[in-house]
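Coordinates in review
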Amino acid sequence: MKLVVAIVQDKDSNRLSNALVREGFRATKLASTGGFLRAGNTTFMIGIEDERVHEVMTVIRANCKVRDQLVSPVSPMGSTTDSYIPFPVEVQVGGAAVFVVPVERFEHF
């Protein structure tokens, strides 16, 4: 058994959630926040049999898209902001960060 932990941007969350249900996968959704952009994410925790990991990864890949976004950098901490001019920077957001870890034991009560 494996635990698939997928961290996705909030914009992809509902689409992924619906696709997982449609394909018969059960998942727990947790609200989370990214450290770099400090934007909302959703973390999905999916317990799955080893042989079905590829199926889950296919669903995640099909529903979580990378896109470019302009963001204004956060002002530097601990220094004066008099000379700091935040120019928007284009970064890639979205997609999914996925971790697949072995599960030693699973119980359902």
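Above this text sits the structure in question.
All of the points below concern the structure found in this document. Just so you know, these numbers come straight off a predicted model, no measurement behind them. (Residues numbered from 1 in each chain as written. Predicted model: local features only at pLDDT ≥ 70, side-chain atom pairs only at ≥ 80, totals over all residues. Heavy atoms only, no water.)

**Notes on the pairing of strand 3 (residues 40–48)**
Selection criterion: Strand pairing follows a simple DSSP-based rule, namely that at least 2 bridges must link the two strands. Each helix is a run of DSSP H or I of at least 4 residues and each strand a run of E of at least 2, with the numbering of both proceeding from the N terminus.
Here 8 bridges tie strand 1 (residues 2–9) to strand 3, and the two strands are oriented antiparallel to one another. Counted as the bridge partner of Val4 is Ile46 from strand 3. Across 6 bridges, strand 2 (residues 28–33) lies against strand 3 in antiparallel orientation. The residue bridging Leu30 from the neighbouring strand is Thr43, located in strand 3.

**Quick look at the pattern of salt bridges**
As a reminder of what qualifies: The salt bridge criterion pairs a side-chain nitrogen of Lys or Arg with a carboxyl oxygen of Asp or Glu, the two atoms within 4 Å. Only protein chains enter the calculation, and the probe is 1.4 Å; a residue is then buried if its accessible area is under 20% of its type maximum, exposed if over 50%, and partly exposed in between.
If you walk through the whole model with that rule in mind, you get 3 salt bridges. Between Arg52 and Glu55 there is a salt bridge, and its shortest N-O distance comes to 3.3 Å. Residue classification places Glu55 among the partly exposed positions, given a relative accessible area of 37%.

**Thoughts on the nonpolar core**
The tendency in soluble globular proteins is for nonpolar side chains to be buried as a group. Note the threshold: We define the nonpolar core as a collection of buried residues of types Ala, Val, Leu, Ile, Met, Phe, Trp, Tyr and Cys that are connected through side-chain atoms lying within 4.5 Å of one another. Note on contacts: a residue pair qualifies if any of its non-hydrogen atoms lie within 4.5 Å across the two residues.
Judged by nonpolar contacts, the single largest core of 15 residues is most densely connected at Leu16, Leu20, Phe44, Val56 and Ile60. Those elements that place two or more of their residues in this core are strand 1, helix 1 (10–22), strand 3 and helix 2 (53–63). Here this core takes 4 residues from helix 2, the largest share from any one element. Residue contacts for Val56: discarding those within four places in its chain leaves Val4, Phe25, Ile46 and Ile48.

**Brief notes about the sheet that holds strand 6 (residues 96–102)**
Worth spelling out the cut-off: With axes taken as lines fitted to C-alpha atoms, and helix axes fitted only over the stretch in contact, angles between N-to-C directions fall between 0 and 180 degrees.
On the basis of which strands lie adjacent, the open sheet formed by 4 strands has the order 2-3-1-6 and antiparallel pairing. Each edge of the sheet is formed by a strand with only one pairing partner; in this case those strands are strand 2 and strand 6. This sheet shows a mean twist of 20° between the axes of neighbouring strands, independent of strand direction. Relative to strand 6, strand 1 runs antiparallel, the two being bridged by 7 bridges. By the bridge assignment, Ala6 is partnered in strand 6 with Val98. The strands touched by helix 2 within the sheet are strand 1, strand 3 and strand 6, with strand 6 carrying the most contacts at an inclination of about 170°.

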